[in-house]
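One letter stands for each residue in the lines below.
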Amino acid sequence: MSKCEQCIVRELSSLKALTRDELLKVSSCKTSHIIKKGEIIFEEGENVNGIYCIKDGVCKLTKLSGNGKDHIVKLVTKGELLGQRSMISEEPVNLSAVALEDMEVCFIPKTEVMRFFDKNNQFSMNVMKTICGDLKEADDHMVNLAQKTVKERLAETLLYLNDTFGKNEDNSLKVQLSRDELASIIGTATESCIRLLSEFKKLDLIELNGKKIILKDVNKLKKISE
């Protein structure tokens, strides 16, 4: 089991503010888990008594809508923490987290984390900044849904997937989403998403190979997204 103070991933989250002694404490109380693709890390409404640190892999955060469909709110990757907000608000989590690929996550119990919160100002500031950042993202996303066309949102999402998660050796987007998942992110029906992907393909902006998507003209996609 790897030690927290030697883990590079902690440098990417609020945990970077912890002292060596605090990291040793985390190491002694954390539990590591392998989550297989498609498995649930936690479900909406669950009491998650701690935070999850993502060591490797990508998951989607989803919200169940009134019609029983899962709506993707955000994609989260290594170095990020899950469950910070509900831990502070002392409420059940309001989103579900599901692995999009095989993942490695570490669970740190709430009792330990809250101790750092009381004693380490920089750590508590980092957590607050992260939560504020999430709120800003949610605001931006809401404005996007209201003001941008589905076509603009699809172009923007493809660029986001490319910039944030990178590409495979064959140049396809590393994070492979189903057409349903892609439609959920851009806030449209699956049929509309499929139709737009075909349109982008005809315009030679992307290449489609099964689930794989290759971006062929990033500049034109940028122009569409703006």
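Residues numbered from 1 in each chain as written. Predicted model: local features only at pLDDT ≥ 70, side-chain atom pairs only at ≥ 80, totals over all residues. Heavy atoms only, no water.

A. View of the sheet that holds strand E1 (residues 31-35). Strand order in this open sheet of four strands is E1-E8-E3-E6, and the pairing throughout is antiparallel. The two strands at the open ends of the sheet, each matched to only one other strand, are E1 and strand E6 (81-82). Sheet analysis places strand E3 (residues 50-56) next to strand E8 (residues 103-109), joined by six bridges and oriented antiparallel. The partner of isoleucine 54 across the bridge, within E8, is valine 105. Against the sheet, helix H3 (residues 110-119) makes contact with E3 and E8, and its axis sits at roughly 70 degrees relative to E8, the strand it touches most. (Pairing = 2+ DSSP bridges. Helix = DSSP H or I, 4+ residues; strand = E, 2+ residues; numbered from the N terminus. Contact = heavy atoms within 4.5 Å. Axes fitted to C-alpha atoms, helices over the stretch in contact; angles between N-to-C directions.)

B. Seen up close, the UniProt feature "domain: Cyclic nucleotide-binding" (unreviewed entry) in the protein chain. This chain's UniProt record puts "domain: Cyclic nucleotide-binding" (unreviewed entry) on residues 14-117. Secondary structure across residues 14-117 comprises 23% helix and 41% strand; the distance between its end C-alpha atoms is 11 Å. (UniProt positions renumbered as here; feature names shortened; annotations may be inferred.)

C. Examining the pairing of strand E9 (residues 206-209) more closely. Where E9 meets strand E10 (residues 212-215), four bridges bridge the pair, whose relative direction is antiparallel. Paired with isoleucine 206 across the bridge in E10 is leucine 215. From the end of E9 to the start of E10, which pair antiparallel, there are two residues, and glycine 210 there has a positive phi angle of about 65 degrees.

D. Fine view of the packing of aromatic side chains. One pass over the structure, following the stated rule, counts five aromatic pairs. Arranged with centres 4.9 Å apart and planes meeting at 55 degrees, the rings of tyrosine 52 and phenylalanine 107 form a pair that is tilted. Placement of the pair is tyrosine 52 in strand E3 and phenylalanine 107 in strand E8, with a sequence separation of 55 residues. Phenylalanine 107 gets classed as buried once you look at its relative accessible area, which sits at 18%. Look at tyrosine 160 and phenylalanine 165: their rings are 5.8 Å apart centre to centre, the planes differ by 85 degrees, and that puts the pair in the edge-to-face class. What links up through ring pairs into an aromatic cluster is the set Phe42, Tyr52 and Phe107. (Phe/Tyr/Trp six-rings, centres within 6.5 Å; stacked < 30°, edge-to-face > 60°. Buried < 20%, exposed > 50% of the residue type's maximum accessible area, 1.4 Å probe, protein only.)

E. Fine view of unusual backbone geometry. A positive phi angle, near 55 degrees, is found at glutamate 90, a position not held by glycine. Within the secondary structure, glutamate 90 is located in the loop between helix H2 (84-89) and strand E7 (96-99). With a phi close to 75 degrees, asparagine 171 is a non-glycine residue in the positive phi region. Considering the arrangement of structural elements, one finds asparagine 171 in the loop between helix H5 (150-165) and helix H6 (179-186). The class of asparagine 171 is partly exposed, set by a relative accessible area of 42%.

F. The pattern of salt bridges, seen in detail. One pass over the structure, following the stated rule, counts 15 salt bridges. Glutamate 199 is paired through a salt bridge with lysine 151; the nearest N and O atoms lie 2.9 Å apart. Taken together, the positions of glutamate 199 in helix H7 (residues 190-202) and lysine 151 in helix H5 put the pair 48 residues apart, joining distant regions of the chain. Owing to a relative accessible area of 30%, lysine 151 belongs among the partly exposed residues under this scheme. The structure contains a network of salt bridges with shared partners spanning Lys74, Glu80 and Asp134. (Salt bridge = Lys/Arg side-chain N within 4 Å of Asp/Glu carboxyl O.)

G. Structural view of H7. Helix length check: H7, at 13 residues, gives a terminal C-alpha distance of 19 Å against a target of 18 Å (1.5 Å per residue), a fit within 8%. Every buried residue belonging to H7 is among Thr190, Ser192, Cys193, Leu196, Leu197 and Phe200, and all of these are buried. Taken around the axis of H7, the buried residues stretch over an arc of 155 degrees, which confines them to a single face. Every exposed residue of H7 that faces more than 90 degrees away from the buried side is listed here: Glu191, Arg195 and Lys202. Packing partners of the buried residues in H7 comprise H5, H6, E9, E10 and helix H8 (218-225). In the segment just after H7, aspartate 204 is the residue with positive phi, at about 65 degrees. (Expected span 1.5 Å × (residues − 1). Arc of directions from axis to C-beta.)

H. How the structure looks around the sheet that holds E7. In spatial order, the strands read E2-E7-E4-E5; together these four strands make up an open sheet with antiparallel pairing. Pairing within the sheet leaves two strands with one partner each, and these edge strands are strand E2 (40-42) and strand E5 (70-77). Neighbour to neighbour, the strand axes of the sheet diverge by 30 degrees on average, direction disregarded. Sheet topology note: the strand E4 (residues 58-64)/E5 ladder contains seven bridges and is antiparallel. Bridge assignment links leucine 64 to a residue of E5, and that residue is aspartate 70.

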